[in-house]
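Notes for the structure review
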Amino acid sequence: AIGSVILTACVFIFRGGLHIKREDLLRVFISGGVGMAIYFTVENFGTGMTSASFSSLIMATVPVFGMIGDRLFFGNKITPLKIACIAASILGVYLLVSGEPMGASVIGTLAMFAAAIIWTFYIVYVKPLFDKYDLLTLLTGLFLSGLIVQIPIALISQKVTHMPISFTPTGILVTLATAIVCIIIGEFCYIYAVGGLSTTLVSAFENVLPLTTVIFSIFIFGTMLTGRQIIGGIIIMLSVTAIAFIEGQKGSKASE
């Protein structure tokens with residue numbers, strides 16, 4: 001809601017309004033509803049039913065679905081080298097999180113796999129819109145669509161959990177910081193990347209998330225990396241770099 005208000009204000013100030021063509025309204029609405037509301041709802045549910053490490057491991061399969069989506073919708077080839085790089089990144093995530101408890105349930109596991117598939121669908125479905133709209137306009141449309149879908153989900157979840165919504169001053173500051181830094185700026189960068197990179201490469205960067213989480217925990221919580229985590233992090237970065245190189249080579253040949 002905070003992100004939608006801020007972005008709507010910006011789009012009216014800098015673009016004179018939210019100008020989306022009628023024929024694209026449904027695609028924008030579905031993309032925003034799926035990527036900004038349904039995905040996060042399913043992922044949060046799955047995370048709550050499994051351990052954080054197990055959730056990270058399942059989400060490490062996102063590049064697999066991304067590679068398949070890249071092949072089905074954009075005609076990009078699935079090469080043995082790509083498969084090897086993605087398999088290596090999944091191994092890296094395993095080494096990174098395997099030191100933590102791997103608690104899981106069947107429902108939680110299915111929810112996390114569903115989240116991985118939903119996120120891949122979002123990346124593929126939103127991609128055609130980048131050639132038609134500037135980033136601010138598109139992001140605002142996605143946020144507003146996500147908000148519309150999220151409102152009934154939030155109301156239903158309140159009835160299920162019976163937990164009242166309350167904010168302390170600290171909670172308000174954390175929420176604002178999350179909305180501006182993590183959600184708006186984070187999504188702005190992510191959407192920009194989706195428009196310029198292949199689905200395979202964008203989804204491969206999902207496996208950098210556990211690594212950045214571990215690195216930030218060092219500075220925030222003072223935790224220390226184990227040898228296994230260091231090896232896992234190196235494998236992740238090497239595999240993602242290799243995929244970037246492969247995709248870059250393909251783009252260079254296409255330009256030539």
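In this text the structure is predicted, and so the values were computed from the model without any measurement.

Okay, the overall build of the protein next. Looking only at helices and strands, the protein features 11 helices and 0 strands. The N-to-C order of helical and strand elements in the protein reads α-α-α-α-α-α-α-α-α-α-α. Whereas a compact globule of 256 residues would reach a radius of gyration of roughly 18 Å, the protein reaches 19 Å, a difference of no more than 12%. With the C-alpha coordinates aligned to their principal axes, the bounding extent of the protein is approximately 55 × 50 × 35 Å. Out of the 256 residues in the protein, the part that is buried amounts to 41%. Here the analysis covers contacts within the protein between residues at least 6 apart in sequence; of these, 88% occur between residues at least 24 apart. Carbon and sulfur atoms form 75% of the exposed surface of the protein, whose accessible area is close to 14,000 Å². One way to put it: in the protein the 13 positive side-chain charges average out to a point 5 Å from where the 11 negative ones average out.

This paragraph deals with helix α2 (residues 25–49). Along an α-helix, residues three or four positions apart point the same way, because every turn accommodates 3.6 residues. Compared with an ideal rise of 1.5 Å per residue, which puts 25 residues at 36 Å, α2 spans 35 Å between its outermost C-alpha atoms and is within 8% of the ideal. When the local axis directions of α2 are compared, the greatest deviation, roughly 35°, occurs at V34. Within the span of α2, buried status applies to V28, S31, G32, G33, V34, G35, M36, A37, Y39, V42, E43 and G46.

One finds Y122 and I191 to be the most contacted residues of the largest nonpolar core, which totals 35 residues. Looking at this core element by element, the count peaks at 9 residues for helix α6 (residues 106–126). Among all residues touching Y122, those that are not within four sequence positions of it are S31, V34, G35, M36, L142, E187 and I191. With 10 residues, the next largest nonpolar core counts L57, A60, V97 and V214 among its residues.

Quick look at helix α1 (residues 2–15) now. The first and last C-alpha atoms of α1 sit 19 Å apart over 14 residues, in line with the 20 Å expected at 1.5 Å per residue. Two residues or fewer past α1, G16 is found with a positive phi of approximately 75°.

When pLDDT is averaged along the protein, the result is 85, and 91% of the positions lie at 70 or above. Averaged over each element, pLDDT in the protein is lowest for helix α3 (residues 52–59) (76) and highest for α1 (94).

This part takes up the layout of surface pockets. The volume enclosed by the second largest pocket comes to roughly 180 Å³. In this structure, the second largest pocket is lined by 13 residues; those nearest its centre are F73, T120, F121, V124 and Y125. The greatest single-element share of the lining of the second largest pocket, amounting to 6 residues, is contributed by helix α4 (residues 62–74).

A word on the environment of C85. Considering the arrangement of structural elements, one finds C85 in helix α5 (residues 80–97). Note on C85: relative accessible area 8%, which makes it buried. Along the chain, C85 and V149 lie 64 residues apart, while their C-alpha atoms are 36 Å from each other. Among all residues touching C85, those that are not within four sequence positions of it are S239, A242, I243 and I246.

By the definition in use, this model includes 6 aromatic pairs. For the pair F40 and W119, a centre-to-centre distance of 6.3 Å together with 65° between the ring planes defines the contact as edge-to-face. Linking F40 in helix α2 with W119 in helix α6, this pair joins segments that are 79 residues apart in sequence. For F40, a relative accessible area of 28% puts it in the partly exposed group. Relative to Y190, the ring of W119 lies with its centre 5.4 Å away and its plane at 50°, an arrangement referred to as tilted. Of this pair, W119 sits in helix α6 while Y190 sits in helix α8 (residues 169–196), placing them 71 residues apart in sequence. Overall, the relative accessible area of 4% leaves W119 in the buried class. A relative accessible area of 18% means that Y190 is categorised as buried. In textbook terms, an aromatic cluster arises when at least three aromatic residues are bridged by ring pairs, as seen for Y39, F40, W119, Y122 and Y190. Stacked on the ring of Y125, the Lys or Arg R27 has its end atom at 4.1 Å from the ring centre.

Rules used in this analysis
- Residues numbered from 1 in each chain as written.
- Predicted model: local features only at pLDDT ≥ 70, side-chain atom pairs only at ≥ 80, totals over all residues.
- Heavy atoms only, no water.
- Helix = DSSP H or I, 4+ residues; strand = E, 2+ residues; numbered from the N terminus.
- Rg over C-alpha atoms; globule rule 2.2 N^0.38 Å.
- Buried < 20%, exposed > 50% of the residue type's maximum accessible area, 1.4 Å probe, protein only.
- Contact = heavy atoms within 4.5 Å.
- Areas by Shrake-Rupley, 256 points an atom, 1.4 Å probe, with all protein chains shown as cover.
- Lys, Arg positive; Asp, Glu negative; His and termini not counted.
- Charge placed at Lys NZ, Arg CZ, Asp CG, Glu CD.
- Expected span 1.5 Å × (residues − 1).
- Bend = angle between axes of the 7 residues up to and from the residue.
- Core = buried A, V, L, I, M, F, W, Y, C linked by side-chain atoms within 4.5 Å.
- pLDDT = per-residue confidence, 0-100.
- 1 Å grid on protein atoms, 1.4 Å probe; cavity = no way out; pocket = protein on both sides within 12 Å on 5 of 7 lines; lining within 4 Å.
- Points joined across faces, edges and corners; volume = space filled by probe spheres on them.
- Phe/Tyr/Trp six-rings, centres within 6.5 Å; stacked < 30°, edge-to-face > 60°.
- Lys NZ or Arg CZ within 6 Å of the ring centre and 35° of its normal.

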